[in-house]
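Given next are the chains, with one letter for each unit.
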Amino acid sequence: METSKLTAEGIIGEAVRIGAKMSGGEFPIEIFPIRIQRIISSLHDCQSYPVDYVAAAILAAIAVGIGNSHLVQVKRNWQESPILYMALIGRPGANKSHPLSFAFQPFIEHDYCQNQEYQKSYAEYERTMSMSKKERMEAGLDEFPQAPVRRRFLVSDITPEGLSLIHAQNPRGLCLWSDELSAWFKNFNRYNNGSEEQFWLSVFSAKTTMSDRKNAKSSIFIKRPYISVIGTIQNKILNELAKGERSSNGFIDRILFVMPNLQQKARWNDKELPEDIEQEWNAIIDKLIQSECHLNEHGEIEPQILFFSEDAKKRLYEWQHHFSELCDRETNDTIVSIYCKLEIYIIRFCLIIQLARWTCGECDKTCIDLLTVERAIKLTEYFKESALNVQNVL
C-alpha cells in the first residue's frame, strides 16, 4: 500500500497527480518520487509539455543512467537489465521532442565533456605516435601507446557493427536516441535482409553479442549488452512499423508506446520554469552516472544484483498469475504476445522505480520492496492500455 498522503510530501504529490489528470495525462506519475513528480509538473505547467511524454522520457533516462550497473534477479539465472525500447507517438507539433531533449540533457552534457577530453587525449596520442620508438623511450613515454577511448552514453544513426564497437568501449551501456524513430526501423534491411532486426531482437534480451566482420577492427565480444532505444514517431507513419515480419516476430511487442489522447495543440504561457528544476534533474541523473561500478579481475563490470523482498515477490507472483489468466482468455495471439513482453517489462520497471526512489533519498537499494512492485504494476497497466490502443490503429 502507498504511504499516507497526510504529510507535506504526500499532499504535494496528490496535488501534482490531480493536476496531471486534469491536463489529460494518463501516465501514473505517482510511481515516481516526489522530487521527480515536481519536475514533471513544472515542465507541463511552464513549458506546456504533455505529461505522458515528459514522464516516459524521464523513465527512459533513469533506465539509461542505471545501464549495466545494476540488475534485478527474480530467480537464479534469471536476471533483467533495465533495457527499454520506447516510442513517443503523436502528430506534428505535439511537443514530443522537447521532453526528450530535457530528459536526456544531462547525458548530452556528459558526452560533450567526455568528447572534449577525448579530443585532447587523441591529439596527444597522435603526437606521441609521430615520435620514433627511441624518442618515446627517451621522453619516458610508453613504448606502445594505447589509443584513448571516447566515453559516452548516446548514439544516433549507426550500424550494429559500429554500435558493438562503441559498446565494447563503453560497457556501462548505451542509448540509441532517434528524434525520428522511423529512421531506425527503416534501416533494418539496408545491408543484409533481416540481420539488423535480428540484432535488436537479441539485444532486447541482453544476449551476448559477438562481431567478427572483416571490416571490424577486431573481434568484439560483449557478454551482456545494454542498449536502450527511444525516439518519436508520427501517427501517420505508425503503420510503417508493422511492415515485413515485425508484426509476427515479436519486434513490435517489445516497444513501449506512449500515445496520449491529445485533442488540442499546447498553448504558450508566460510562466518561467523555476531555475532549480534543471539543476534538480541534473543532480538526479548525475547520482546514477556517478554510482560506483565494481570491476572483476578481467576489468568487466560486476553489476549490483537486487533481489525481491518476500512480500514484494509474493505480490509480483500474484499479479503474474492474474495476467496469465488474461492470456488464457485472450484469443488474439498478437495481444498475448504483448502481454508476454509486459511480464518482462514489469521486472525491469521494478529495478528502475526502486533506484529512482533511492536516488531521490526515499528508500535504500538493498532489495526491491513491496511499494516498488505496486508502482510497477500501475506502470505496466498504463503500457498495456497504450499497446492495445496502438494495435487498434495498426
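What this report covers is the structure whose coordinates are included nearby. Here the structure is a predicted model, which means the values were calculated and not measured.

**What about empty space enclosed by the protein?**
Argument step 1. Within this structure, the stated rule accounts for three cavities of 30 Å³ or more.
Argument step 2. Looking at the largest cavity, its volume works out to about 50 Å³.
Argument step 3. For the lining of the largest cavity, the secondary-structure elements that each account for two or more residues are β9 (255-258), α11 (333-359) and α12 (370-393).
Argument step 4. For the lining of the largest cavity, the element with the most residues is α11, which contributes four residues.

**Considerations on the pairing of strand β1 (residues 70-75)**
Argument step 1. Burial analysis of β1 places five of its six residues in the buried class, which makes it a mostly covered element.
Argument step 2. Direction of pairing for β1 relative to strand β12 (residues 304-308): parallel, over a ladder of four bridges. By the bridge assignment, Leu71 is partnered in β12 with Ile305.
Argument step 3. The sheet contact formed by β1 and strand β2 (residues 78-80) spans three bridges and is antiparallel. Each bridged residue has a counterpart across the sheet, and for Lys75 the counterpart in β2 is Trp78.

**Details of the environment of Leu256**
Argument step 1. One can find Leu256 in strand β9.
Argument step 2. Taking the C-alpha atoms as reference points, Leu256 and Leu342, 86 residues apart in sequence, are found 9.0 Å from one another.
Argument step 3. With sequence-adjacent residues up to four places away left out, Leu256 is seen in contact with Leu84, Tyr85, Met86, Ala87, Leu342, Tyr345, Phe349 and Phe383.

**Examining helix α6 (residues 160-169)**
Argument step 1. Among all positions of α6, only Pro160, Leu163, Ser164, Ile166 and His167 are buried. With its buried residues spanning 165 degrees around the axis, α6 presents them on a single face.
Argument step 2. Looking at the buried residues of α6, the elements they touch are β4 (154-155), β5 (174-180), α8 (195-204), β6 (209-211), β7 (220-222) and β8 (227-233).

**Comments concerning the packing of helix α4 (residues 97-129) against helix α9 (residues 275-290)**
Argument step 1. Orientation of α4 relative to α9, taken along the N-to-C sense of each, is 60 degrees, at an axis distance of 9 Å. Here α9 runs oblique to α4, going by the angle between their axes. Viewed along their axes, α4 and α9 form a crossing whose handedness is right-handed. Of the residues in α9, those touching α4 at Phe102, Ala103, Pro106, Phe107 and His110 are Ile277, Glu278, Trp281, Asn282, Ile285 and Ile289.
Argument step 2. Its residues placed into classes, the contact of α4 with α9 shows eight nonpolar, two polar and one charged.

**Focus on the layout of surface pockets**
Argument step 1. There is about 500 Å³ of room inside the largest pocket.
Argument step 2. Together, 17 residues line the largest pocket, and Asn68, Lys223, Arg224, Glu300 and Ile301 are the ones closest to its centre.
Argument step 3. Mapped by element, the contributors of at least two residues to the lining of the largest pocket are α6, β7 and β11 (301-302).
Argument step 4. Taken together, the residues of the lining of the largest pocket sort by class into eight nonpolar, five polar and four charged.

**Thoughts on the pairing of strand β3 (residues 85-89)**
Argument step 1. Burial within β3 is extensive, with five of its five residues counted as buried.
Argument step 2. The alternating pattern of β3 places Tyr85, Ala87 and Ile89 and Met86 and Leu88 on opposite faces, both of which are buried.
Argument step 3. Bridge count between β3 and β8: five bridges; the pairing is parallel. Its bridge partner lying in β8, Ala87 is registered against Gly231.
Argument step 4. Pairing between β3 and β9: four bridges, direction parallel. Pairing of Leu88 across the sheet is with Val258, part of β9.

Parameters at a glance
- Every chain begins its residue count from 1, and numbering advances along the sequence as written.
- Local features in this predicted model are restricted to residues of pLDDT 70 or higher, and side-chain atom pairs are both shown and tallied only at a pLDDT of 80 or more, whereas totals for entire chains, interfaces and linings draw on every residue.
- Working from all heavy atoms in the structure, the side-chain values ignore hydrogens and water.
- The way it works is a 1 Å grid over only the protein atoms, where trapped points that fit a 1.4 Å probe form a cavity and open points with protein on both sides within 12 Å along at least five of seven lines form a pocket, and then any residue with an atom within 4 Å of a point lines it.
- Grid points are joined across faces, edges and corners, and a volume is the space filled by probe spheres set on the points.
- A run of DSSP states H or I qualifies as a helix once it reaches four residues; a run of E qualifies as a strand once it reaches two. Both are numbered from the N-terminal end.
- Burial classification: accessible surface area is computed with a 1.4 Å probe over protein chains only, and a residue below 20% of its type maximum counts as buried, one above 50% as exposed, and the rest as partly exposed.
- Strand pairing follows a simple DSSP-based rule, namely that at least 2 bridges must link the two strands.
- Note on contacts: a residue pair qualifies if any of its non-hydrogen atoms lie within 4.5 Å across the two residues.
- Here, the arc refers to the directions that run from the helix axis to the C-beta atoms.
- Lines are fitted to the C-alpha atoms to define the axes, a helix being fitted only along its stretch in contact, and any angle between axes, read from their N-to-C directions, falls within 0 to 180 degrees.
- The labels follow the angle: roughly parallel below 35 degrees, roughly antiparallel above 145, roughly perpendicular from 65 to 115, and oblique for the rest.
- Here a crossing is called left-handed whenever its near helix is offset anticlockwise from the far helix by less than a right angle, and right-handed whenever the offset is clockwise.
- Here the term charged refers only to Asp, Glu, Lys and Arg, the term nonpolar to Ala, Val, Leu, Ile, Met, Phe, Trp, Tyr, Cys and Pro, and the term polar to all other amino acids, Gly among them.

No statement about biological role is implied by the geometric values presented.
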